[in-house]
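Letter by letter, the chains look like this.
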Amino acid sequence: MIRIAGVRFKSAGKIYDFNAGDLDISLGDAVIVETEQGLGFATLTTPIRQQEKPHTGQTLKNVLRLADASDFLRVEENQKVEEAAHQFCKQEVETLNLSMNLFSVESTFDASKLTFFFTSEGRVDFRQLVKNLVKEFRVRIEMRQVGIRHQAKMCGGVGRCGRQTCCSAFIEKFEPVSIRMAKEQGLSLNPTKISGLCGRLMCCLTYENSTYRDLKSGIPKIGKLVSTPKGKGRITRQNVIANRISVRMEDGLELEFSAEEISLHSALPADGDN
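Where an unreviewed UniProt entry is consulted, the chain appears under the name Stage 0 sporulation family protein, with the organism given as Desulfobotulus mexicanus.

Helix and strand counts for the chain stand at 7 helices and 13 strands. Since a compact globule built from 274 residues should have a radius of gyration of about 19 Å, the 28 Å found for the chain marks it as more spread out than a globular shape. Counting only C-alpha atoms and orienting by the principal axes, one finds that the chain spans roughly 80 × 55 × 35 Å. For the chain, the proportion of its 274 residues judged to be buried stands at 35%. Here the chain has roughly 17,000 Å² of accessible surface; of this, 50% comes from carbon and sulfur atoms. Measuring between centres, the 38 positive side-chain charges of the chain sit 5 Å from its 34 negative side-chain charges.

Taken residue by residue, helix 2 (residues 127-137) has Leu129, Asn132, Leu133 and Phe137 as its buried positions. Along helix 2, the residues classed as buried sweep out an arc of 110° about the axis, all on the same side. Exposed side chains of helix 2 directed beyond 90 degrees from the buried face belong to Arg127, Lys131 and Lys135. Looking at the packing, one finds that the buried side of helix 2 touches helix 1 (69-96), strand 7 (113-119) and strand 8 (140-145). Phi turns positive one or two residues past the end of helix 2, at Arg138, with a value near 55°.

You can read the domains of the chain as domain 1 (2-67), domain 2 (73-146), domain 3 (160-216) and domain 4 (224-264). Distance from the C-alpha centre of domain 1 to the C-alpha centre of domain 3: 32 Å. Listed as interface residues are 6 residues of domain 1 and, on the opposing side, 6 residues of domain 3. When domain 1 packs against domain 3, close to 310 Å² is buried across both sides, 39% of that on carbon and sulfur atoms. Residue Glu172 is joined to Arg8 by a salt bridge in which the shortest nitrogen-to-oxygen separation is 2.7 Å. Tallied by class, residues from the side of domain 1 that touches domain 3 come to 2 nonpolar, 2 polar and 2 charged.

Attention now goes to the environment of Lys193. Relative to the elements of secondary structure, Lys193 occurs in helix 6 (residues 191-194). Sequence separation between Lys193 and Ser11 is 182 residues; the distance between their C-alpha atoms is 27 Å. Every residue in contact with Lys193, bar those within four places of it in the chain, is listed here: Arg160, Ser188 and Met202.

Empty space within the largest pocket amounts to approximately 1,800 Å³. Looking at the largest pocket, it is lined by 49 residues, and the ones nearest its centre are Phe9, Lys10, Phe41, Glu106 and Ser107. Secondary-structure elements contributing two or more residues to the lining of the largest pocket are strand 2 (16-19), strand 3 (30-35), strand 4 (38-51), helix 1, strand 6 (101-107), strand 7, strand 8 and helix 3 (148-155). For the lining of the largest pocket, the element with the highest residue contribution is helix 1, accounting for 6 residues. Its residues placed into classes, the lining of the largest pocket shows 16 nonpolar, 18 polar and 15 charged.

Let's shift gears to the pairing of strand 4. By the bridge criterion, 6 bridges tie strand 1 (residues 2-8) to strand 4 in an arrangement that is antiparallel. Bridge pairing in strand 4 places Gly6 opposite Thr46. Two successive antiparallel strands, strand 3 and strand 4, enclose a turn made up of 2 residues.

With that out of the way, let us pick up the nonpolar core. Membership of the largest hydrophobic core comes to 18 residues, with the highest contact counts inside it found for Met100, Leu114, Phe116, Leu129, Leu133 and Met143. Those elements giving two or more residues to this core turn out to be helix 1, strand 6, strand 7, helix 2 and strand 8. What Met143 contacts, discounting residues up to four positions off in sequence, is Met100, Phe116, Phe118, Phe126, Leu129, Val130 and Leu133. By size, the runner-up hydrophobic cluster in this structure holds 11 residues, among which are Tyr212, Ile219, Val226 and Ile235.

Rules used throughout
- Residues numbered from 1 in each chain as written.
- Predicted model: local features only at pLDDT ≥ 70, side-chain atom pairs only at ≥ 80, totals over all residues.
- Heavy atoms only, no water.
- Helix = DSSP H or I, 4+ residues; strand = E, 2+ residues; numbered from the N terminus.
- Rg over C-alpha atoms; globule rule 2.2 N^0.38 Å.
- Buried < 20%, exposed > 50% of the residue type's maximum accessible area, 1.4 Å probe, protein only.
- Areas by Shrake-Rupley, 256 points an atom, 1.4 Å probe, with all protein chains shown as cover.
- Lys, Arg positive; Asp, Glu negative; His and termini not counted.
- Charge placed at Lys NZ, Arg CZ, Asp CG, Glu CD.
- Arc of directions from axis to C-beta.
- Contact = heavy atoms within 4.5 Å.
- Domains from an automatic or database assignment.
- Buried area = accessible area lost by both parts, 1.4 Å probe.
- Salt bridge = Lys/Arg side-chain N within 4 Å of Asp/Glu carboxyl O.
- Nonpolar A, V, L, I, M, F, W, Y, C, P; charged D, E, K, R; others polar.
- 1 Å grid on protein atoms, 1.4 Å probe; cavity = no way out; pocket = protein on both sides within 12 Å on 5 of 7 lines; lining within 4 Å.
- Points joined across faces, edges and corners; volume = space filled by probe spheres on them.
- Pairing = 2+ DSSP bridges.
- Core = buried A, V, L, I, M, F, W, Y, C linked by side-chain atoms within 4.5 Å.

Encoded structure:
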């Protein structure tokens, strides 16, 4: 049996499993782990769990120790290097007239590599830029082009709800979001009202979509001819959360009923509503 620790290297990032060995560590502890790129600074995110040893080829790397004061100092020093690298790279991008939006720089824990994150509408020839960066910082350089959603996740911000954006707070993996979800929930299809900071459809549209779909499956669709306690009419709106249906009656008056009070009208099969 081995003790498994789930750690994150950044907030809302992917959780990785490491072998905790005999270390006495608790949720929220900062730890030093071994990675393919050397030592890494991470935070224990999930409780320690025990399981059988992984199969051959799935050996977990180790949590080496709790982070100490010198490790936190190194993180602060790395942040200063990242800020300097960001400013220098932005100047070089302008000088070389490159069509790219640099938005973040990350250093490995041992400061042996700098990764520059950017967005761009197309391919970018950054060979000269990399040469200039290597000459300036004397470390390995990686240029990584990402999508606009990942930019929002890494930069963070406040959504229209007034809270921290979900992608930067807790979403580990982006799920597909479609305009159909907004239609399913009866939301305005105005792009400015259903788009997030990234300009794409808001991730939170996925949260309640299955609930709306289930609730709507038990009531007639908009436009259907129905019978009500007040006579016949056609459905104009659905309030599935309150279980209320708006119906335009034959005299033009619009009334609201509970879903239990209406039923599909079957007297006019030619109408196509059966």
